[in-house]
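Below are the chains, spelled out letter by letter.
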Amino acid sequence: MNSISQIVKVYKNFFNDEPILVRSPGRLNFIGEHTDYNMGFVLPAAIDNAIYFAIAPRTDTRCKLISADLNEDYEFSLETLSKSKKGWANYLIGVVDQLIKAGYQLKGFNCVFGGDIPIGAGLSSSAAIEAGLTYAVNHIFNLQIDKLSLVRLAQKAENEFVGVKCGIMDQFINIFGESRNALRIDCRSLEYELVPFDYENISVVFFNTNVSHSLASSEYNLRREECSKGVAVIKKEFPVVNSLRDANAEMLESCKLKMEPLTYRRCKYVVEENERLLKACEALKVHDLTAFGSLLYETHVGLSRDYEVSCPELDFLVDAVKEFPAVYGARMMGGGFGGCTINIIENESVEMVTSLISKKYKERFNREATVYVTKISAGTGIVSAEEHAAV
Ligand code: GLA
């Protein structure tokens, strides 16, 4: 894992010029999981784990990429874009592909990147790479792309080039995130409001199962299909319903016998999750972390039993913290099938809880659970020379 100074050092060893520095954060999501592609609500925040880019334009049409974390490089020409055998490079080539398709005039560039967002942990390292590069290229070529278009371009890079039909949450929070706040994003209208999450006595802690999830695995795309199937059935009865966001529990119940039980369970989870998210935002408004935490636990049950995107390691970690009164709530986070749980814990008990849970996890799975105490941070932006000097 590389720090910003190491990224700059690698850049200067390879290229003889001054790069621009961009910081692109990972994200957490408090609640609202698998709701974004159903046009529902999400409540993510940008975090202090980030990918850093050192980047500068070239005068020709070649792009030279260096992954400092993997110690690998890749070079391509703007004139002949094709998929690379190096998986990591496709997240970046995909961005260039989208920018060209959207009609932007680009030159080549040199880019070194790396950071401390663990890969496959559900903290959205892929969106950090895509949205971070989109932002950086926009900046160095002064393309004047507005923030929402940056989000859409980065999402399309993942949808079309990488081939994962992800929703908009990760790229959106990456660009729009604000320190000390979560964003309640309405994925239908793309309007958002800030929801402060800034408690002196509370920590947000991740337990990484260190079981690697592959979003590209067919399961994620399959869930989208299952939801669309449900929508098609509900729409026949209720033509106003264009997505699960437009459906409520009564509508779904009245269509239950017309759909496969599996489809029903997928839809039920999504409809309930949207309602839970709205309640969770109300709870945060009045600083009721007990109510907020219980909703997180409920989300986990839905994701595990109805949406079936959890795994034994995630279920274990969520169940194991329930015995501690200092833990307000926990659940699996992100696409699923591994990655992290998110936990809301009183500061003074963080050490006790994390060491006990890590021990139990190791005993049960013979694997380490990595612990991160995270901080909500700002979205993607330029790192100034002074900020860099201060890191
Ligand atoms: C991944 C996707 C997001 C979202 C989550 C699940 O992180 O990239 O768009 O669907 O899974 O909530």
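Residues numbered from 1 in each chain as written. Predicted model: local features only at pLDDT ≥ 70, side-chain atom pairs only at ≥ 80, totals over all residues. Heavy atoms only, no water.

Draft legend 1. Local environment of the domain arrangement of the protein. As assigned here, the protein comprises domain 1 (4-197 + 377-390) and domain 2 (202-374). Here the C-alpha centroids of domain 1 and domain 2 sit 25 Å apart. Facing 36 residues of domain 1, the contacting portion of domain 2 comprises 48 residues. Taken together, both faces of the contact between domain 1 and domain 2 bury some 3400 Å²; the carbon and sulfur share is 63%. Taken as a group, Ile 31, Glu 33 and His 34 account for 19% of the area that domain 1 buries against domain 2, more than any other trio of residues on that side. Our enumeration of links across domain 1 and domain 2 arrives at three salt bridges. The salt bridge involving Asp 246 is made with Arg 188; its shortest N-O contact spans 2.4 Å. (Domains from an automatic or database assignment. Contact = heavy atoms within 4.5 Å. Buried area = accessible area lost by both parts, 1.4 Å probe. Salt bridge = Lys/Arg side-chain N within 4 Å of Asp/Glu carboxyl O.)

Draft legend 2. Here's a closer look at the site of the ligand. Around the ligand sit 13 residues in total, of which Glu 33, His 34, Asp 36, Asp 170 and Tyr 220 are the nearest. Tyr 220 places a side-chain nitrogen or oxygen 2.5 Å from an oxygen atom of the ligand. Gly 335 is positioned with one of its backbone polar atoms (N or O) 3.5 Å from an oxygen atom of the ligand. In isolation the ligand has 310 Å² of accessible area, and contact with the protein removes 98% of it. Across the shell around the ligand, the residue classes break down as five nonpolar, four polar and four charged. Two domains each donate at least three residues to the shell around the ligand, and these are domain 1 (4-197 + 377-390) and domain 2 (202-374). (Near = heavy atom within 4 Å. Polar contact = N/O pair within 3.5 Å; in protein donor to acceptor, adjacent residues only side chain to side chain. Areas by Shrake-Rupley, 256 points an atom, 1.4 Å probe, with all protein chains shown as cover. Nonpolar A, V, L, I, M, F, W, Y, C, P; charged D, E, K, R; others polar.)

Draft legend 3. Examining the state of the cysteines more closely. All told, the structure shown has zero disulfides when counted by the stated rule. Free of any disulfide, Cys 187 has its nearest cysteine sulfur in Cys 166, 11 Å distant. (Disulfide = S-S within 2.5 Å.)

Draft legend 4. Focus on the pattern of salt bridges. On inspection of all chains with the given rule, the structure shows 26 salt bridges. Counted as one network, the salt bridges with shared partners bring together Glu 219, Arg 223, Glu 226, Arg 265, Arg 266 and Glu 308.

Draft legend 5. Molecular detail of the layout of surface pockets. For the second largest pocket, the calculated volume is near 380 Å³. Around the second largest pocket, the lining is made up of 16 residues, and of these Arg 180, Asp 198, Thr 374, Lys 375 and Ile 376 lie nearest the centre. Counting only elements with at least two residues in the lining of the second largest pocket, the list comes to β9 (202-208) and β12 (370-374). Top contributing element to the lining of the second largest pocket by residue count: β9, with three residues. Its residues placed into classes, the lining of the second largest pocket shows seven nonpolar, four polar and five charged. Each of domain 1 (4-197 + 377-390) and domain 2 (202-374) accounts for three or more of the residues forming the lining of the second largest pocket. (1 Å grid on protein atoms, 1.4 Å probe; cavity = no way out; pocket = protein on both sides within 12 Å on 5 of 7 lines; lining within 4 Å. Points joined across faces, edges and corners; volume = space filled by probe spheres on them. Helix = DSSP H or I, 4+ residues; strand = E, 2+ residues; numbered from the N terminus.)

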